[in-house]
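Next come the chains, spelled out residue by residue.
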Amino acid sequence: MSSSKTLRKLEVVSPVPADIDIANSVEPFHISEIANELNLTSNHYDLYGKYKAKVLLSVLDELEGSGDGYYVVVGGITPTPLGEGKSTTTVGLCQALGAFLDKKVVTCLRQPSQGPTFGIKGGAAGGGYSQVIPMDEFNLHLTGDIHAITAANNLLAAAIDTRIFHESAQSDKALLNRLCPPNKEGKRSFSDIMFRRLKKLGISKTRPEDLTPQEVKKFARLDIDPDSVTWRRVMDVNDRFLRKITIGQGPEEKGMVRETGFDISVASEIMAVLALTTSLADMRERLGKMVIGNSRAGDPVTADDLGVGGALTVLMKDAINPTLMQTLEGTPVLVHAGPFANIAHGNSSIVADKISLKLVGPGGFVVTEAGFGADIGAEKFMNIKCRYSGLIPQCAVIVATIRALKMHGGGPEVVAGKPLDHAYLTENVPLVEAGCVNLVRHIANTKAYGVNVVVAVNKFSTDTEAELNAVRNAALAAGAYDAVICTHHAHGGKGAVDLGLAVQKACENVTQPLKFLYPLEISIKEKIEAIARSYGASGVEYSQQAEKQIEMYSKQGFSGLPICMAKTQYSFSDNASKKGAPTGFVLPIRDVRASIGAGFIYPLVGTMSTMPGLPTRPCFYDIDLNTATGKVVGLS
């Protein structure tokens, strides 16, 4: 690929300009040129403007017999407000592999949520000279996938409350008559989706009039227990005031008031389904199997029971196709799905990874990012994503910075808007060494899966040789395959060439098979406790509500699913202020929910919220449009 017309030589300047200014200074290639380099023809994708295209799943069918490239996952140390540059490293590594090391490479990233884009964290396109472009399109609506998820999620929410409303006022016979209205000839029939419920109930009859009164009741009355409904409405904005609301206060819904709330769209189970599905047919089944609550008899009620699984699939039919974009240096990127890692499983989609591995072929590289620290994103990548995909990574990259390690070593608190403390700007090797306990635990946890671990130290101008050597020595002593200093933020792919070479060697020298943290056959509690031990916990404490839910999900036959912990990203523990590598703490499980369609049980740890809030000074203060040029300004 080194001679490819789609590789672009970057003209870097120092100091590094703002991300949006760098992104706006580069004219992207037409996306068809990026597609051509991957041997994709116009039949393989749908254009969304000049710089984005949806790659169709038919590509996977066409390439079914061809070999896969190397599979690399990028995680990080436990995040701090100082930032570790995980997305930047993911992009920089790919720019190095494609533009400097002559490798076929595809970067697989999640679609950013509007929550952090307009809230506290900013965008997720990378940074400096290692970015996905157009940066503004990447960080905003992209191709509308999150909007599709929001629409589908809220259609299901409306269906739930409407069904409870109508059942409260109608007899069994009236319900059946309205569910199966007569056609012009006066004949009643079941719609196709209704046969799914009939089959589930063990009813083989094909005509509504043949049902006995008992069968009519079983079929037509879902009898949803309102207190058991776990399905919440969503929107892709950090709106803390929607965390707890009441619905049903209109005059026509008298007596139907119910307390519920909103989650952020990227925490929706539909987002998790999109990320974990393997085909259109698989997505249809997963959407239909999503459990929204229970009947009063304790039976799970699904989207297909409500008759809405097919409609959800229609709303999601374009969202299942990954979006093709490019880096600043013209290497290809597939953007798909965006589940949060502290709430959901924090990884881009299986279909994007599978398509990419076929497109790069043997000897090529697919680099995907797992959200937040490796205790969250990489753990879920291995135990959930790899279980469902069947894909095996050869290498895991763990990103660290000197500044963040100093904070884990007991450095002073960092407050947004205040100048950095002297400790972060001058040499302090003991502080760095103290903070390496965090990196060391992440290395040990990740190595246990059987993959080679390469540490990428994202270098800042204030870092000294002694500090960098301290991290490198600690990483190698902890069993890392290699530890490499990177300057891709300032220099683009050129600054990550050593990282690219280390990753290549790590991929070529795998000696173990992939090992999971826990077998699926053990109980829900045993799986939760295995993950808690990897955090450093001495035990787990379950609330009464958590105990009740675990018992119910086990009774309903869902105990064989993997676990997706919803936990703060800022600490191995449930306490965000506990930096480094805490041990001996008891992990509190407040509640346990189930994403049956996506295929996991998710415990809520401590005070973890599924709807973030905006800070006093959100990112949106800086975001505007230059009305003369039409360019977005202020995105970070």
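Values in this document were obtained by computation on a predicted structure and should not be read as measured data.

**Q** Could you give an account of the overall build of the protein chain, with specific residues and numbers?
**A** On a plain count of helices and strands, the protein chain comes out with 22 helices and 23 strands. In terms of C-alpha radius of gyration, the protein chain reaches 25 Å, essentially the compact-globule figure of 26 Å for 636 residues. Along the longest, intermediate and shortest principal axes, the C-alpha atoms of the protein chain span 80 × 55 × 55 Å. Expressed as a percentage of its 636 residues, the buried residues of the protein chain come to 58%. The long-range fraction of contacts in the protein chain, counting pairs at least 24 apart against all pairs at least 6 apart in sequence, stands at 75%. For the protein chain, the centre of its 65 positive side-chain charges and the centre of its 65 negative side-chain charges are spaced 4 Å apart.

**Q** Explain the pattern of salt bridges to me, and be specific about the residues and the numbers.
**A** Taken as a whole and judged by the stated rule, the model has 28 salt bridges. Note that D161 and R258 form a salt bridge whose closest N and O atoms lie 2.9 Å from each other. Here D161 is found in helix α7 (residues 145-169), whereas its partner R258 is found in strand β9 (residues 258-260), with 97 residues between them in sequence. The two residues D161 and R258 agree in class, both being buried. Between R207 and E209 there is a salt bridge whose closest N-O contact spans 3.6 Å. A residue is classified by how much of its surface remains accessible, and R207, at 42% relative accessible area, is partly exposed. Residue E209 is classed as partly exposed on the basis of its relative accessible area, which comes to 48%. Here the residues in one salt-bridge network are R196, R284, E285 and D304, joined through shared partners.

**Q** For the pairing of strand β21 (residues 600-605), give the residues involved together with the corresponding values.
**A** Within β21, 6 of the 6 residues are buried, which leaves the element mostly enclosed by the surrounding structure. Of the two faces of β21, the one carrying F600, Y602 and L604 and the one carrying I601, P603 and V605 are both buried. The pairing of strand β20 (residues 586-595) with β21 spans 6 bridges and is classified as antiparallel. Bridge assignment links R593 to a residue of β21, and that residue is Y602. Here β20 folds back onto β21 in antiparallel fashion, the turn holding 4 residues, of which G599 has a positive phi close to 100 degrees.

**Q** Please provide a residue-by-residue account of the sheet that holds strand β19 (residues 539-542), values included.
**A** Pairing in this open sheet of 3 strands is mixed, and the strands run β19-β20-β21 from one edge to the other. Both outer strands of the open sheet, β19 and β21, are each paired with one neighbouring strand and no more. On average, each strand axis in the sheet is tilted by 50 degrees relative to the strand beside it, whichever way the strands run.

**Q** Please provide a residue-by-residue account of helix α12 (residues 280-289), values included.
**A** Considered for burial, the residues of α12 that qualify are M283, R284, R286, L287 and G288. Where α12 is buried, its residues meet α9 (194-200), α11 (269-276), β12 (300-302), α13 (309-316) and α15 (377-389).

**Q** Account for the packing of helix α14 (residues 350-360) against α15, with residues named and values stated.
**A** In contact at an axis separation of 10 Å, α14 and α15 are set at 60 degrees when each is read in the N-to-C sense. Taken together, the axes of α14 and α15 are oblique relative to one another. As for the relative orientation of α14 and α15, their crossing is right-handed in sense. Within the contact between the two elements, α14 uses I350, D353 and K354 and α15 uses K385, Y388 and S389.

**Q** Outline the layout of surface pockets, listing residues and values.
**A** Quantified by volume, the second largest pocket comes out at close to 820 Å³. As for the second largest pocket, its lining consists of 35 residues, of which D227, S228, V229, T230 and Q545 are closest to the centre. Of all the secondary structure elements, the ones that give two or more residues to the lining of the second largest pocket are β9, β11 (291-294), α22 (544-555) and β20. Tallying contributions element by element places α22 first for the lining of the second largest pocket, with 5 residues. Here the residues of the lining of the second largest pocket sort into 11 nonpolar, 12 polar and 12 charged.

Calculation criteria
- Residues numbered from 1 in each chain as written.
- Predicted model: local features only at pLDDT ≥ 70, side-chain atom pairs only at ≥ 80, totals over all residues.
- Heavy atoms only, no water.
- Helix = DSSP H or I, 4+ residues; strand = E, 2+ residues; numbered from the N terminus.
- Rg over C-alpha atoms; globule rule 2.2 N^0.38 Å.
- Buried < 20%, exposed > 50% of the residue type's maximum accessible area, 1.4 Å probe, protein only.
- Contact = heavy atoms within 4.5 Å.
- Lys, Arg positive; Asp, Glu negative; His and termini not counted.
- Charge placed at Lys NZ, Arg CZ, Asp CG, Glu CD.
- Salt bridge = Lys/Arg side-chain N within 4 Å of Asp/Glu carboxyl O.
- Pairing = 2+ DSSP bridges.
- Axes fitted to C-alpha atoms, helices over the stretch in contact; angles between N-to-C directions.
- Parallel < 35°, antiparallel > 145°, perpendicular 65-115°, else oblique.
- Left-handed = near helix turned anticlockwise from the far one by under 90°.
- 1 Å grid on protein atoms, 1.4 Å probe; cavity = no way out; pocket = protein on both sides within 12 Å on 5 of 7 lines; lining within 4 Å.
- Points joined across faces, edges and corners; volume = space filled by probe spheres on them.
- Nonpolar A, V, L, I, M, F, W, Y, C, P; charged D, E, K, R; others polar.

Purely geometric numbers; function is a separate question.
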